[in-house]
Amino acid sequence: MTKQGRESAAGAAVHQFTEPAPATLICFSHLRWRFVFQRPQHLMSRFAATYRVIFWEEAVHPEGCATPALQIDEDEANGVTILTPALPRGLSPAEEDAALGALLDAQLASLPPVAVRWYYTPMMLPFSAHVAAECTVYDCMDELAAFKNPPAGLLDRERELLAAADVVFTGGSSLYEAKKDRHDNVHAFPSSIDVAHFGAARGAVAEPEDQARIVGPKLGFCGVVDERMDVDLLAALADAHDDWSIVVIGPVVKIDPAALPQRRNLHFLGARDYAELPAYMSGWDVALMPFALNEATRFISPTKTPEYLAAGLPVVSTAIVDVVRHYGALEAVRIAGTAEDFVTACEAAIAGRDDLTWREAADEQLARGSWSSTALSMGALIAVERATRDTVEAIVSPTRWPAAAVRHDVMVVGAGFAGAVMARQLAEAGFKVLVVDRRPHVAGNAYDRRDDAGLLIHQYGPHIFHTNSDDVFGYLSRFTQWRPYEHRVLADVRGQLVPMPINRTTLNMLYDAGLESDDDVEAFLAARAEPVEPIRTSADVVVSRVGRELYETFFRGYTRKQWGLDPSELDKAVTARVPTRTDTDDRYFTDKHQAMPADGYTRMFEAMLDHPSIELLLGVDYSQARDAYPHDHLVFTGPIDEYFGHRFGKLPYRSLQFRHETLEQEWLQPVAVVNYPDEAVPYTRITEYKHLTGDSAPATSLTYEYPSAEGDPYYPIPREENQALFKRYEALAIAERDVTFVGRLATYRYYNMDQVVGQALATARRLIPRLHAEKVEPLVGTAVAAA
Ligand code: FAD
Ligand code: UDP
């Protein structure tokens, strides 16, 4: 990149004339260009002032298509070239990717060099990952995985895209929170709108004829109609007022149009051009956001809200998080929790339609964001990446990997406890080790870092070290000093904070039971316990010890949230982790050693991996490193089913979403962790880190944990059927002569940190003599699977 070029990118259109031929920006999108005019179209048409913009769409499969070809469509008004691959039917996914890669390469050969690869969908990475670019952008506008029928492999592809991207943009703050811990350069850019375009609706515009024919107060929605729409709510609205007309403008996708409610006063007009929308809106009295609250809408940040406001319309919405967050304070936006509330809110909006005083505050908010300023800010971030390319690329980009990498004795996949201990032990035994992790940091799930407030937080939720093993504690003590810490947890029971695990104090607080001795507590519990024989499930364990009421208070809701399963569907080992005590010991753990690494886990891992025979490759997936870095033996600590291409089906792992937050107050809660067993509260617990770390500051940092089915694999799920599936994978693992599987994900065990360290030490003890023997006599040896 020339200096001139750099200035051109940073200064956007201002320096454009100095660039001889604009560099290429190629945008890979699952949304078609000529669908609805939304985020990709707004941004790409603006980037067309600086770049030669190519918009690559999903393939079509026309009848009779015998050879792959590209359909080329020039949108001259917006300066964008749209490429649509046409493929023969019946190709396998791998054949399709190969065909797409060939079409792409042929096309790029005739274009100026690619400066920017821009992705709306990770599913287009496989055939385009090899395209060299100065900056790779992931503009994440939806939580795609939460959509109905997400394509297979989407989450893996997204992980790869996050590893490959230089910068990540998100379409709203909820999405920002969901992605910000998965990449170190994430920026929230809520969708902007074209205020002038929609503002036309406030003036004297002729209402389109098909809508003008519809009578009565008009309540309108405009946008895609899919699984996010609460169609029952639309029907309820139509039923509530015969005299109202509900007008829905937009294409119906992914749901069967026949399944839409039919009412005399409910009109699905279909898709209309972007240019026509203000005219339609000009005829409405209220604008609607009738979205269902489900996984598919948890992260949306609908552009409709500001568009409606710009059109001068009051808005009634369900409680979409980002709508509440960004617009909930405006008088013009009413949030309704139930169908009845929604109807009432619409009535209020219609009754107040002549009062336009709300517009001032709404307009002020609208003025703060425009597509042009969004595009300029994004352009500046891209320019920084383009300018710093040389240094960045050397660390993370596959394009700069050495062509003939040095051979390592062992490649270790994963830099968590399992991987780091294995790497250290192998290095000390004289082997040359390469550690690869797809995350951009070491320490696996135990990773901690200083946040913007300067406080040490645990990126993947609270990690408290405890062990009864002198060996494990002694081993880790080689790499860290310790800060004594005994963990205490309170549970929020209808607003009262009581000790958890259940102990004498808990019972006295809840029942005013006046229990004074262990025997008193035993008798109290015995009167409630419902013996179960045999004890098989996580429900049995608790009910047989403390009875149904305490089970429901402390365990049922929490477990259902945490695991997405009823305790009766989980192995007894899960709730058996939490004892019930008859004394007043309110510590969560009673292990011999309880302490936190004095400078945090990450520092401890850095010390562990600091060895002349260990090299680190971060932000790179095993699938990318496997062939680029030759090695004699592999230690794999990722999910075992992933290693084997999920050939027997997916092993279930439970995931979590973390919401990190800093409050401008010294403390929030009396202990490090408060559990919320109530199923109505969406998170399971709140952690306040200063209790764990000993940091002191006027502010305090917290993490909320929201369990989820999708996302990074955190917890193997202890159930008989899952264990049976794991056993099938384990059989493959044992046959895999040159691979060792170790750790929580690779051996599918709900292990604490100390157990993983113990497992890794034992595995290394067995593996090292074998590898020494093989080095001398290369063909002798047997497979090793961790105990
Ligand atoms: P991980 O830490 O998961 O490390 C595996 C690494 O492999 C990851 O960094 C991953 O990115 C990498 N990887 C996977 N696949 C690939 C691939 N294909 N290519 C490249 N890299 C790959 N334990 C306790 O003792 N006390 C606690 O208080 C505690 N709290 C916890 C709280 C939460 C929310 C969670 C999720 C776990 C907690 N644990 C706790 C358990 C603890 O996190 C684990 O025991 C420990 O981290 C397991 O280490 P590991 O190395 O097996 O796995
Ligand atoms: N549990 C619960 N209520 C609580 C704490 C725990 O129901 O207040 C159950 C829940 O099923 C949880 C399990 O006990 O997953 C184990 O809890 P632990 O604190 O050991 O879980 P961790 O988060 O450490 O994996």
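Residues numbered from 1 in each chain as written. Chains lettered and ligands numbered in written order. Predicted model: local features only at pLDDT ≥ 70, side-chain atom pairs only at ≥ 80, totals over all residues. Heavy atoms only, no water.

- Looking at an unreviewed UniProt entry, one finds the chain named UDP-galactopyranose mutase and attributed to Sphingomonas jeddahensis.
- The UniProt entry for the chain carries the following comment under Cofactor (unreviewed entry): "FAD".
- Regarding the chain, the relevant UniProt record gives this comment under Sequence similarities (unreviewed entry): "Belongs to the UDP-galactopyranose/dTDP-fucopyranose mutase family." (UniProt positions renumbered as here; feature names shortened; annotations may be inferred.)

### A closer look at the site of ligand 1
Turning to step 1, where the next piece is worked out: Every one of the 34 residues lining ligand 1 counts as a neighbour, but D437, H463, I464, Y751 and M753 are closest to it.
Turning to step 2, where the next piece is worked out: Here an oxygen atom of ligand 1 sits 2.9 Å away from a polar atom, N or O, in the main chain of N445.
Turning to step 3, where the next piece is worked out: One of the side-chain N or O atoms of E642 is found 3.2 Å from a nitrogen atom in ligand 1.
Turning to step 4, where the next piece is worked out: Contact with the protein chains covers 96% of the free accessible surface of ligand 1, which is 990 Å².
Turning to step 5, where the next piece is worked out: Counting residues per element, the ones that place at least two in the shell around ligand 1 are α16 (417-428), β16 (433-437) and α26 (753-776).
Turning to step 6, where the next piece is worked out: When its residues are assigned to classes, the shell around ligand 1 shows 17 nonpolar, nine polar and eight charged. (Near = heavy atom within 4 Å. Polar contact = N/O pair within 3.5 Å; in protein donor to acceptor, adjacent residues only side chain to side chain. Areas by Shrake-Rupley, 256 points an atom, 1.4 Å probe, with all protein chains shown as cover. Helix = DSSP H or I, 4+ residues; strand = E, 2+ residues; numbered from the N terminus. Nonpolar A, V, L, I, M, F, W, Y, C, P; charged D, E, K, R; others polar.)

### Things to note about the pattern of salt bridges
Turning to step 1, where the next piece is worked out: Across all of its chains, the model carries 51 salt bridges by this definition.
Turning to step 2, where the next piece is worked out: The partner of E679 in a salt bridge is R560, with the nearest N and O atoms 3.0 Å apart. Linking E679 in the loop between β27 (673-675) and β28 (685-688) with R560 in helix α20 (residues 538-563), this pair joins segments that are 119 residues apart in sequence.
Turning to step 3, where the next piece is worked out: Among the residues examined, R560 registers a relative accessible area of 33% and is labelled partly exposed.
Turning to step 4, where the next piece is worked out: Via salt bridges that share partners, E143, D156, E158, R159, K179, R182, R439 and D712 belong to a single interconnected network. (Salt bridge = Lys/Arg side-chain N within 4 Å of Asp/Glu carboxyl O. Buried < 20%, exposed > 50% of the residue type's maximum accessible area, 1.4 Å probe, protein only.)

### Some points on the site of ligand 2
Turning to step 1, where the next piece is worked out: Around ligand 2 sit 16 residues, and of these T559, W563, R577, Y588 and Y750 come closest.
Turning to step 2, where the next piece is worked out: The contact in question runs from an oxygen atom of ligand 2 to an N or O atom on the side chain of Y588, over 2.5 Å.
Turning to step 3, where the next piece is worked out: Measuring from an oxygen atom of ligand 2, one finds a side-chain N or O atom of R685 at 3.4 Å.
Turning to step 4, where the next piece is worked out: The greatest single-element share of the shell around ligand 2, amounting to six residues, is contributed by α20.
Turning to step 5, where the next piece is worked out: Taken together, the residues of the shell around ligand 2 sort by class into 10 nonpolar, four polar and two charged.

### A short note on unusual backbone geometry
Turning to step 1, where the next piece is worked out: Of note, the amide linkage connecting M500 to P501 takes the cis form, showing an omega dihedral of 5°.
Turning to step 2, where the next piece is worked out: Residue position: P501 is located in the loop between β22 (496-500) and α18 (504-511).
Turning to step 3, where the next piece is worked out: The linkage connecting E533 with the following residue, P534, adopts the cis geometry, with an omega of -10°.
Turning to step 4, where the next piece is worked out: The topology assignment puts P534 in the loop between α19 (518-528) and α20.
Turning to step 5, where the next piece is worked out: With a phi angle near 45°, Y748 is a residue other than glycine that sits in the positive phi range.
Turning to step 6, where the next piece is worked out: Structurally, the position occupied by Y748 is in the loop between β31 (739-741) and α26.
Turning to step 7, where the next piece is worked out: Take Y748: its relative accessible area is 4%, and that puts it in the buried class.

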